[in-house]
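# Fold and geometry: a report
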Amino acid sequence: MTSTAAPSAPSSADGAPRSEVELTIGGMTCASCAARVEKKLNRMEGVTATVNYATEKAKISYAAPVAVPDLIATVVRTGYTAEEPPPPPAPKESEGGADGASVAAGRDDPELASLRQRLTVSALLAVPVILLSMVPALQFDNWQWLCLTLAAPVVVWGGLPFHRAAFTNARHGAATMDTLVSVGTLAAFGWSLWALFFGTAGMAGMQDGFTFTASRADAASSIYLEVASGVVAFILLGRYLEARSKRRAGAALHALLELGARDVAVLRDGREVRIPVARLAVGDRFVVRPGEKIATDGIVVEGASAVDASMLTGESVPVDVTTGSAVTGATVNAGGRLVVEATRVGADTQLARMARLVEDAQNGKAEVQRLADRVSAVFVPVVLLIALGTFGAWLGVTGDTAAAFTAAVAVLIIACPCALGLATPTALMVGTGRGAQLGILIKGPEVLESTRRVDTVVLDKTGTVTTGRMTLQEVYAADGTDEEELLRLAGALEHASEHPVARAIAEGAGERVGALPPVERFENVAGLGVRGTVEGHEVLVGRARLLPGPLPAGLARALEDAEREGRTAVVVAQDGAARGVLAVADAVKGTSAEAVRSLRALGLAPVLLTGDNRTVAESVARAVGIDEVIAEVLPEDKVAVVERLRAEGRTVAMVGDGVNDAAALATADLGLAMGTGTDAAIEAGDLTLVRGDLRVAADAIRLSRRTLSTIKGNLVWAFGYNVAALPLAAAGLLNPMIAGAAMAFSSVFVVTNSLRLRRFS
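Because the structure is a prediction, the values reported are computed rather than measured.

Another point: the UniProt feature "transmembrane region" (unreviewed entry) in the protein chain. In this numbering, the UniProt entry assigns the feature "transmembrane region" (unreviewed entry) to residues 119-137, 143-160, 180-203, 223-241, 375-397, 403-424, 714-731 and 737-755. Along residues 180-203 one finds 75% helix and 0% strand; the C-alpha atoms at either end are 31 Å apart. As annotated, residues 714-731 comprises 94% helix and 0% strand, and the C-alpha atoms at either end are separated by 26 Å.

Next comes the structure, spelled out in structure tokens:
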């Protein structure tokens, strides 16, 4: 068992500092167990706890004088185990990744192995018992004694986990699913022993048969060995499949931790020294060869390559990096040799933060699950009363003790509320894990509820809908002027300037015409443009006012058109004559229009929000298909815009990436932070989109809605199953063995239904 403590310093309502801890709880076997532990912890003064049955963890917030040992003692007194968070282990040479998490993730789970062994033995022994009891043609003289010999180890040893848990719970005055299984199987086995040794069931030549209902003959000749052994085997099978599926459901988080590199080649005095990743420090420079994983987040200081980030972002196209480019740990160097300087290590890296966000989300509870927990907490005692009432009613009405007993045992066994406890956590585990694989981080289960209600999506312009950097958009060449020559001269001159417009022109020219010639006598004319000599020609790039005379009609028209479209336009002159107009703008991302269409398809009305001028904003909105534009908004006013939209009765989602978006993201009903943006925006958002592609926003909302609908489908099945099955069992229409199989497979159904989310794309 492992647990992690995360002390923090939030304050409670009375101002007392609070701490947080996450404990691993042992011994829980159903949702009722989790509900009991949670209830006991929350009764402690100053303690707020959430216990998750699927992840087997308790997330606890507490204030002094309560300490971690007090929390553990409370869990132990309730009948379960909890482990105090160990100190962080010192890094070992053999360890890599996230504190060796990958190693632990790869081992065969001892609990699963023990369950598999118990299931295998129980099934091998129970099958002949069931066949002999159900098929009269197979029944030889004294067959019932062979059945007793085979069934006894199944009920006693195979069912030991149920009996042990039921006894522990009884000592603490509680009843759980294990109580129902234990009481039901021991009652069936005990009845059989009485009938065999003191009734007529042990006589040679006794014959029995299988019926779907509770109708039985003489009580003294009725044995239930097939029920006792069959129910244990079925429920062990359900437990095993459930446990295996739960581990598969959490596999995405293990896979995320597996991504990290094990060791790294660090530069020490000009030599490469290979050390474990855990020993890397901020500022260290390390070498990444083609095909190797980048050990941690950093900045490229030498080399150029393409980096495959698909395992973190879901984006299949490698990204080109060069000196000065930021790279993320766990991504793969697909090209040349790189030297990277570490900027984040350990728990601060993007990979570690992603894993932390996913785990926090998986440990949370949606509002619908809290209702299920309240039901589970009272369900078992109610079922015990129903079983007693069923026995009494059948006995009073029919006088048939065997039929009354059969119906009561069926009630006990079919009513176990396992599926209720698994409905939400398993869907959350799979949904958040699949999201992480696609570059979508869901902060918590309450986020899922918000995505269902959202009807308006506010999109920040710069860096969200657009690239956030100026690029060369249009080139207008005068009659008789060669476009490539115009770009070569203008690009060469602008290459000597640091202005964002100049950089955009220089980069655009370099991409289109190749190498640029040198510049002589470069001069910056403040507020107007630049001039200089390129290959003997006097070249000027800037505002039209820099020119000695008026612009030719064609170029004047091009300048007006560009400015009407919201672009920044400059004039290029050569040897005193105007030769062309270059238009620069913050380019719309190639995927933004498709993203807006996808958001509309989800029933969301898009709104473009920007501090830029209205002309530019409307030009961008037209390009991507947005009708509603809110422009010229100061950063501090973005919150007011979101609040105004909410006051109009809209449920608002906000997508942004900058520091100035953080408050608006927190104010919106649903905040989606672009992972390419700032830490402040990512912390404020409810959903983080790891790559800067707006299409992922639509995917994130679709995934969240799909996860929520899966949770609701699970709960409908779980509630419906128990509501429908209890009356059937009480009415004597279900054989206890059929009831055991149905109960076991209801849990398997819920987990399997959740696993369908792994196929979300």
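So, about the layout of surface pockets. In this structure, the second largest pocket encloses a volume near 460 Å³. When residues in the lining of the second largest pocket are grouped by element, the largest group, four residues, is from strand β21 (residues 568-574). Across the lining of the second largest pocket, the residue classes tally to twelve nonpolar, seven polar and three charged.

What follows deals with a nonpolar patch on the surface. A contiguous nonpolar patch, built from V127, L131, V135 and L138 and spanning about 310 Å² of accessible area, is present on the exposed surface. Position of L131 relative to the elements: it lies in helix α4 (residues 110-134). Look at L131 and you get partly exposed, because its relative accessible area is 44%.

Strand direction decides the pairing type here: strand β10 (residues 305-308) and strand β11 (residues 319-321), joined by three bridges, are antiparallel. Each residue of the ladder has a partner; that of V307, found in β11, is V319. Relative to strand β13 (residues 332-333), β10 runs antiparallel, the two being bridged by two bridges. Bridge assignment links V307 to a residue of β13, and that residue is N333.

This brings us to the environment of W194. The residue W194 is located in helix α7 (residues 177-197) in this model. As a C-alpha pair, W194 and S222 span 28 residues in sequence and 9.7 Å in three-dimensional space.

Let us now look at the pairing of strand β2 (residues 18-26). In terms of burial, β2 is a largely internal element, seven of the nine residues being buried. Looking at chain direction, β2 and strand β5 (residues 81-82) are connected through two bridges and run antiparallel. Bridge assignment links I25 to a residue of β5, and that residue is A82.

Along an α-helix, residues three or four positions apart point the same way, because every turn accommodates 3.6 residues. For helix α17 (residues 483-494), spanning twelve residues, the distance from its first C-alpha to its last is 16 Å, which sits close to the expected 16 Å at 1.5 Å a residue. Looking at α17, one finds that the buried residues are L486, L487, L489, A490, G491, A492, L493 and E494. For α17, the capping residue at the N-terminal end is D482, with a side-chain oxygen 3.4 Å from the backbone nitrogen of E484.

It is worth spelling out the pattern of salt bridges at this point. Note on pairing: side chains with opposite charge can pair once their charged atoms come close. In total, this model carries 22 salt bridges according to the counting rule given. For E485, the salt bridge is made with R488, and the minimal N-O distance between the two is 3.5 Å. Taken as a pair, E485 and R488 lie in helix α17 at a separation of three residues, close to a single helical turn. With a relative accessible area of 28%, E485 lands in the partly exposed category. For R488, a relative accessible area of 21% translates into the label partly exposed.

Let us look at the packing of helix α13 (residues 401-414) against helix α25 (residues 695-730). The interhelical angle for the contact between α13 and α25, taken along N-to-C directions, is 170°, at an axis separation of 8 Å. For the element pair α13 / α25, the angle class is roughly antiparallel. The hand of the α13/α25 crossing is right-handed. Contacts between α13 and α25 pair A407, A410, V411 and I414 from the former with Y721, N722, A725, L726, A729 and A730 from the latter.

Parameters at a glance
Residues numbered from 1 in each chain as written. Predicted model: local features only at pLDDT ≥ 70, side-chain atom pairs only at ≥ 80, totals over all residues. Heavy atoms only, no water. UniProt positions renumbered as here; feature names shortened; annotations may be inferred. Helix = DSSP H or I, 4+ residues; strand = E, 2+ residues; numbered from the N terminus. 1 Å grid on protein atoms, 1.4 Å probe; cavity = no way out; pocket = protein on both sides within 12 Å on 5 of 7 lines; lining within 4 Å. Points joined across faces, edges and corners; volume = space filled by probe spheres on them. Nonpolar A, V, L, I, M, F, W, Y, C, P; charged D, E, K, R; others polar. Patch = residues over 30% accessible without salt bridge, like charges linked within 9 Å, V, L, I, M, F, W, Y side chains within 5 Å. Areas by Shrake-Rupley, 256 points an atom, 1.4 Å probe, with all protein chains shown as cover. Salt bridge = Lys/Arg side-chain N within 4 Å of Asp/Glu carboxyl O. Buried < 20%, exposed > 50% of the residue type's maximum accessible area, 1.4 Å probe, protein only. Pairing = 2+ DSSP bridges. Expected span 1.5 Å × (residues − 1). Polar contact = N/O pair within 3.5 Å; in protein donor to acceptor, adjacent residues only side chain to side chain. Axes fitted to C-alpha atoms, helices over the stretch in contact; angles between N-to-C directions. Parallel < 35°, antiparallel > 145°, perpendicular 65-115°, else oblique. Left-handed = near helix turned anticlockwise from the far one by under 90°. Contact = heavy atoms within 4.5 Å.

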